[in-house]
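Each chain is listed here by its residues.
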Amino acid sequence: MRKKIVAGNWKMNNGLSETIELINDLKQNLSDSDVKVMIAPSYPFLKTAVDQVGDGSIEVISQNINDNKSGAYTGEVSIDMLNSIGVNTTLIGHSERRAYYNEDDALLLKKINLALESNMDIIFCFGEELKDRKSNSYFDIVKAQLENTVMKLEPNSWKNIVLAYEPVWAIGTGETASAEQAQEIHKFVRNCISEHFSSEIADNVPILYGGSVKPSNAVEIFNKKDVDGGLIGGAALNAHDFVEIIKANN
Ligand code: PGA
């Protein structure tokens, strides 16, 4: 049985007091469930968030890592720093990193390898742009994004990887992929992994959907066979909506 995961990517939102308040609201409203809940606040608040969630069921994760171990990289944050405050999972390859910070597949692979060497688990994001969807080249684009990165890993690394399909045209736009569109790609990706590695690895890797997930569409999307939860942006900033989305997995 694959793990169900709902991860909230707070992006560059929430100061200190909002971080504490949102975590407290989540803790009060989360009921026991089999869903793994993660939140990704901004760097300055990660340690506070780790302390605030305590031993409960929420895992605090990072939105990004630097691709170097340590050294003269002004303004950057290393994996070891994150590990030292109890953050042991990171997003890699979010479309905003790709688009605004020019993170290409080669850099993402470097980050993935360094993370895995450093005991940091990964949620690896991928997904096509609107032009790729319109020109019907989205299968090729998605396949290439994976072949240039996670498909180069050792089979053993997959136990530390979660994938997140995030069609760029659906992120923060209010536009959602239909449940069928999500399922189509998730199944395709699982088939690619099965062909490249094994059906066992393909069956075990959680694949999340991200892109304008809301309480109103979460149940339909999460009900699809190959969708194992979601990576949530905007709706993760509201405790009520985020909790409803988590419950949509039950
Ligand atoms: P959104 O963002 O839910 O606001 O569309 C998703 C994401 O970027 O992970």
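Everything quoted here is computed from the prediction, not taken from an experiment.

**A closer look at the site of the ligand**
Then, number 1: Contacts to the ligand come from 13 residues, most closely from Lys11, His94, Glu166, Gly172 and Ser212.
Then, number 2: The contact in question runs from an oxygen atom of the ligand to an N or O atom on the side chain of lysine 11, over 2.7 Å.
Then, number 3: Take glycine 172: an N or O atom from its main chain is 2.7 Å from an oxygen atom of the ligand.
Then, number 4: Protein contacts shield 95% of the accessible area of the ligand, which totals 280 Å² for the unbound molecule.
Then, number 5: The class makeup of the residues in the shell around the ligand is four nonpolar, seven polar and two charged.

**What to know about unusual backbone geometry**
Across the chain, the bulk of peptide bonds are trans and the bulk of non-glycine residues have phi less than zero.
Then, number 1: For lysine 11, which is not glycine, the phi torsion reads 55° and is therefore positive.
Then, number 2: Mapped onto the elements of the fold, lysine 11 is located in the loop between strand E1 (5–9) and helix H1 (16–29).

**Concerning the sheet that holds strand E4 (residues 89–92)**
Then, number 1: Judged by pairing direction, the sheet is parallel, and its eight strands sit side by side in the order E3-E2-E1-E8-E7-E6-E5-E4 without closing on themselves. The open sheet has two free edges, formed respectively by strand E3 (58–60) and E4, since each of these has just one partner strand. Taking the axes of each pair of neighbouring strands and ignoring which way they run, one obtains an average angle of 25° across the sheet.
Then, number 2: Most of the contacts of helix H11 (residues 239–247) go to E1, to which it runs at about 160°, and overall it touches E1, strand E2 (36–40) and strand E8 (229–232).

**Some remarks on the packing of H1 against H11**
Then, number 1: Remark: H1 packs on H11, axes separated minimally by 9 Å, with the N-to-C direction vectors making an angle of 40°. Between H1 and H11, the angle is such that the two are oblique. Judged by the sense of rotation from one axis to the other, the crossing of H1 with H11 is right-handed. Judged by residue contacts, Leu22, Asp25, Leu26 and Asn29 of H1 engage Ala239, Phe242 and Val243 from H11.

**Let's talk about the pattern of salt bridges**
Pairing between side chains becomes possible if they bear opposite charge and their charged atoms approach one another.
Then, number 1: Evaluation of the coordinates by the stated rule reveals 16 salt bridges.
Then, number 2: Measuring nitrogen to oxygen at the nearest pair gives 3.0 Å for the salt bridge that ties aspartate 67 to lysine 110. Taken together, the positions of aspartate 67 in the loop between E3 and helix H3 (79–84) and lysine 110 in helix H5 (residues 105–117) put the pair 43 residues apart, joining distant regions of the chain.
Then, number 3: Across the pair arginine 97 and glutamate 103 runs a salt bridge, and its minimum N-O distance is 3.0 Å.
Then, number 4: A single salt-bridge network, built from bridges that share partners, covers Arg2, Arg190, Asp226 and Asp228.

**What to know about the side chain of arginine 2**
Then, number 1: The topology assignment puts arginine 2 in the segment before E1.
Then, number 2: A polar atom in the side chain of arginine 2 sits 2.8 Å from the backbone oxygen of aspartate 203.
Then, number 3: For arginine 2, the side chain forms a polar contact with the side chain of aspartate 228, separated by 2.9 Å.
Then, number 4: Sequence-distant contacts of arginine 2, that is, excluding residues within four places in its chain, are made with Arg190, Asp203, Asn204, Val205, Pro206, Lys225, Asp226 and Asp228.

**Concerning the packing of aromatic side chains**
Centre-to-centre distance and the angle between the planes together describe a pair of aromatic rings.
Then, number 1: The full count for this structure, using the stated rule, is five aromatic pairs.
Then, number 2: Consider the rings of phenylalanine 139 and phenylalanine 188, whose centres lie 4.8 Å apart with planes at 70°: the pair is edge-to-face. Of the two residues, phenylalanine 139 sits in helix H7 (residues 138–147) while phenylalanine 188 sits in helix H8 (residues 179–196), which places them 49 residues apart along the sequence.
Then, number 3: On the basis of relative accessible area, phenylalanine 139 is assigned to the partly exposed category, the value being 24%.

**A short note on the nonpolar core**
Generally speaking, soluble globular proteins have nonpolar side chains that are buried together.
Then, number 1: Within the largest apolar cluster, 69 residues are counted, with the highest numbers of intra-cluster contacts made by Phe124, Trp158, Leu163 and Ile193.
Then, number 2: In terms of residues, this core owes the most to one element, H8, which gives six residues.
Then, number 3: The residues touching phenylalanine 124, leaving out its near neighbours within four places in the chain, are Ile92, Gly93, Arg98, Leu108, Ile112, Gln145, Leu146, Thr149, Val150, Val162, Leu163 and Ala164.
Then, number 4: Counting 12 residues, the second largest nonpolar core, distinct from the first, contains Ala7, Val162, Ala164 and Leu231.

How each quantity is defined
- Position numbers for residues count from 1 along each chain, tracking the sequence in the order it is written.
- Selection of residues for local features in this predicted model requires a pLDDT of at least 70, selection of side-chain atom pairs for listing and counting requires 80 or more, and totals for whole chains, interfaces and linings are taken over all residues.
- In computing side-chain properties, one takes all heavy atoms of the structure into account and sets aside hydrogens as well as water.
- What makes a residue near a molecule or strand is one non-hydrogen atom of that residue sitting within 4 Å of it.
- In protein, a polar contact requires one atom able to donate a hydrogen and another able to accept it; more generally it is a pair of N or O atoms within 3.5 Å, and residues adjacent in sequence count only if both atoms are side-chain atoms.
- Note on areas: these come from Shrake-Rupley sampling with a 1.4 Å probe, and a residue is covered only by the protein chains present in the view.
- Each residue is assigned to one class: nonpolar for Ala, Val, Leu, Ile, Met, Phe, Trp, Tyr, Cys and Pro, charged for Asp, Glu, Lys and Arg, and polar for all the others, Gly among them.
- Here a strand is any run of E in DSSP of at least two residues, a helix any run of H or I of at least four, and the numbering for each starts at the N terminus.
- DSSP calls a pair of strands paired once it identifies at least 2 bridges connecting them.
- Comment: axis = line fitted to C-alpha atoms, over the contacting stretch for helices; angle = value between 0 and 180 degrees taken between N-to-C directions.
- Two residues qualify as a contact provided that any one of their heavy atoms is within 4.5 Å of a heavy atom in the partner residue.
- Angles below 35 degrees are treated as roughly parallel, those above 145 as roughly antiparallel, those between 65 and 115 as roughly perpendicular, and all remaining angles as oblique.
- Helix crossings fall into two classes, left-handed where the near helix is turned counterclockwise from the far one by less than a right angle and right-handed where it is turned clockwise.
- In what follows, salt bridge is the name for a side-chain nitrogen of Lys or Arg lying within 4 Å of a carboxyl oxygen of Asp or Glu.
- Geometry of aromatic contacts follows a simple scheme: Phe, Tyr and Trp rings, the Trp one being its six-membered ring, pair when their centres are within 6.5 Å, and the pair is stacked under 30 degrees between planes, edge-to-face over 60, tilted otherwise.
- Exposure is judged per residue with a 1.4 Å probe applied to protein chains only, and the accessible area is read against the type maximum: over 50% gives exposed, under 20% gives buried, and values in between give partly exposed.
- Side-chain atoms within 4.5 Å are what join buried Ala, Val, Leu, Ile, Met, Phe, Trp, Tyr and Cys residues into a set we call a nonpolar core.

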